[in-house]
Structure formats: structure tokens, C-alpha cells
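Fold and geometry: a report
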Amino acid sequence: MSEHNHVVSKEGDVSINRVGDALERIAPQQREQILEDFGSFQNYLSKRIQLAQKIGLGEEQLAVAAEKVADYLADHEEPRNSEEKLLQELWKVGNKEERHRLAHMLVKLARR
């Protein structure tokens, strides 16, 4: 796969607008494994956050990426468990500022 398909380039440049495309490239079986329970979802996010931090992404960049992921999930995936359902409902009722704060909180949650 060529570099132009990735969210983060070799130089560490971030193309947040490619998040949806990257998520759609995850095979359905793998997506189901990630979303089947909240622990798997947290583990997946944690690994991605660690990787992003290693290449130099800061807190704000992580939160913006988390917003894009949450937007995608809210629009394209049905919640598989009560935790995902709660997050989806909070996302739907939140305004832009509240969603951004929730994205920061999700990053913090995934880091622990």
C-alpha cells in the first residue's frame, strides 16, 4: 500500500481527513474483533495512541483524530455493547465543543 493511503506519513505529517478511509480499509472480521467488546476496543485504541505518540503526535492531534474516529463510528457502525451505545448517545447529543472534550477524555481512557 502506498504512503498516500495512510493517515500519517513517514515524516510524521498527519492527514486527519484520511481517517475515514483508513477505518474503511479494516477488514470486516478485524473490525468486528475490535468492536465486539469494550475491552478490545480500548486495547486497539491504546495501541494506536502509543504508536502515534512515538511518532510525535501531541495531545491535541490525538484528540482531533479521536473525533474523526468517533464521527466515523457514530455514522457507520452499530454499537456492539452498552459502553459503545453510551458513547454513541453522548456523541450524538454533544455539541462540537463537548465532542472535542469527550475525544480528549477517550484518549486519556485509552492511555491507562
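Up top is the structure these notes are about.
The sections below set out a description of the structure shown in this document. (Residues numbered from 1 in each chain as written. Predicted model: local features only at pLDDT ≥ 70, side-chain atom pairs only at ≥ 80, totals over all residues. Heavy atoms only, no water.)

1. Quick look at the nonpolar core
Rules: Each nonpolar core is a collection of buried residues, namely Ala, Val, Leu, Ile, Met, Phe, Trp, Tyr and Cys, held together in the definition by side-chain atoms within 4.5 Å. Residue burial is assigned from relative accessible area. The probe radius is 1.4 Å, only protein chains are included, and a residue is buried under 20% of its type maximum, exposed over 50%, and partly exposed in between. Per the convention used, a helix needs a DSSP run of H or I reaching at least four residues, while a strand needs a run of E reaching at least two, with both numbered from the N terminus.
With 26 residues, the main nonpolar core has I34, F41 and L62 as its most contacted residues. Of all the secondary structure elements, the ones that give two or more residues to this core are α1 (19–24), α2 (28–35), α3 (38–54), α4 (59–76), α5 (82–93) and α6 (96–111).

2. Some points on a nonpolar patch on the surface
Here is the rule: Each patch groups residues whose relative accessible area exceeds 30% and which form no salt bridge, using 9 Å between like charges and 5 Å between nonpolar side chains of Val, Leu, Ile, Met, Phe, Trp and Tyr. Here the accessible surface of atoms and residues is derived via Shrake-Rupley with a 1.4 Å probe, and residues count as covered only by protein chains that are part of the display. The salt bridge definition used is simple: a Lys or Arg side-chain nitrogen within 4 Å of an Asp or Glu carboxyl oxygen.
A surface patch of nonpolar side chains, about 300 Å² in accessible area, is lined by L86, L90 and V93. Following the sequence through the fold, V93 ends up in helix α5. Accessibility expressed as a relative area gives 65% for V93, which makes it exposed.

3. Observations concerning α2
Put simply, the test is: What the arc covers is the set of directions going from the helix axis to the C-beta atoms. Contacts: residue pairs with any heavy atoms within 4.5 Å of one another.
What α2 keeps buried is the set R31, I34 and L35. With its buried residues spanning 85° around the axis, α2 presents them on a single face. Along α2, the residues that are exposed and aim more than 90 degrees away from the buried face are Q29 and Q33. Each element contacted by the buried residues of α2 is listed here: α1, α3, α4 and α5.

4. So, the packing of α5 against α6
Filter applied, for reference: Throughout, an axis means a line fitted to C-alpha atoms (over the contacting stretch in the case of helices), and angles, computed between N-to-C directions, take values from 0 to 180 degrees. For classification purposes, angles smaller than 35 degrees are called roughly parallel, those larger than 145 roughly antiparallel, those between 65 and 115 roughly perpendicular, and all remaining angles oblique. Crossings are sorted by hand: turned counterclockwise from the far helix by less than a right angle, the near helix makes the crossing left-handed, and turned clockwise it makes it right-handed.
For the pair α5 and α6, the least separation of the axes is 8 Å and the interaxial angle reads 150°. Overall, the two elements α5 and α6 adopt an arrangement that is roughly antiparallel. Crossing handedness for the pair α5 and α6: left-handed. Seen from α5, the contacting residues are L87, L90, W91, K92 and V93; seen from α6, they are E98, R99, L102, A103 and L106.

5. Topic: the packing of aromatic side chains
The cut-off we apply is this: What counts as a ring pair is set by centres within 6.5 Å for rings of Phe, Tyr and Trp (its six-membered ring), and what kind of pair is set by the plane angle: stacked under 30 degrees, edge-to-face over 60, tilted for all other angles.
What the rule picks out here adds up to 1 aromatic pair. Seen in terms of ring centroids, F38 and F41 are 6.0 Å apart; in terms of plane orientation they differ by 40°. Their pairing is tilted. Of this pair, F38 and F41 both sit in helix α3, 3 residues apart, roughly one helical turn. Like F41, F38 is buried.

6. Focus on the pattern of salt bridges
Tallied over the full model, the rule gives 7 salt bridges. Bridged by salt links that share partners, the residues R31, E32, E77 and R80 form one connected network.

7. Topic: the environment of L62
As for its placement among the helices and strands, L62 is situated in helix α4. Along the chain, L62 and V107 lie 45 residues apart, while their C-alpha atoms are 7.0 Å from each other. Once residues lying within four places of it in the same chain are set aside, the contact partners of L62 are I49, A52, Q53, L57, V107 and R111.

8. Here's the deal with α4
Going by this rule: Helices are assigned an expected span. That span is 1.5 Å times one less than the residue count.
Under the 1.5 Å per step criterion, the end-to-end length of α4 is 25 Å for 18 residues, consistent within 8% with the ideal 26 Å. L62, A63, A65, A66, E67, A70, Y72 and A74 are the residues of α4 that are buried. For α4, the secondary structure elements touched by its buried residues are α1, α3, α5 and α6.

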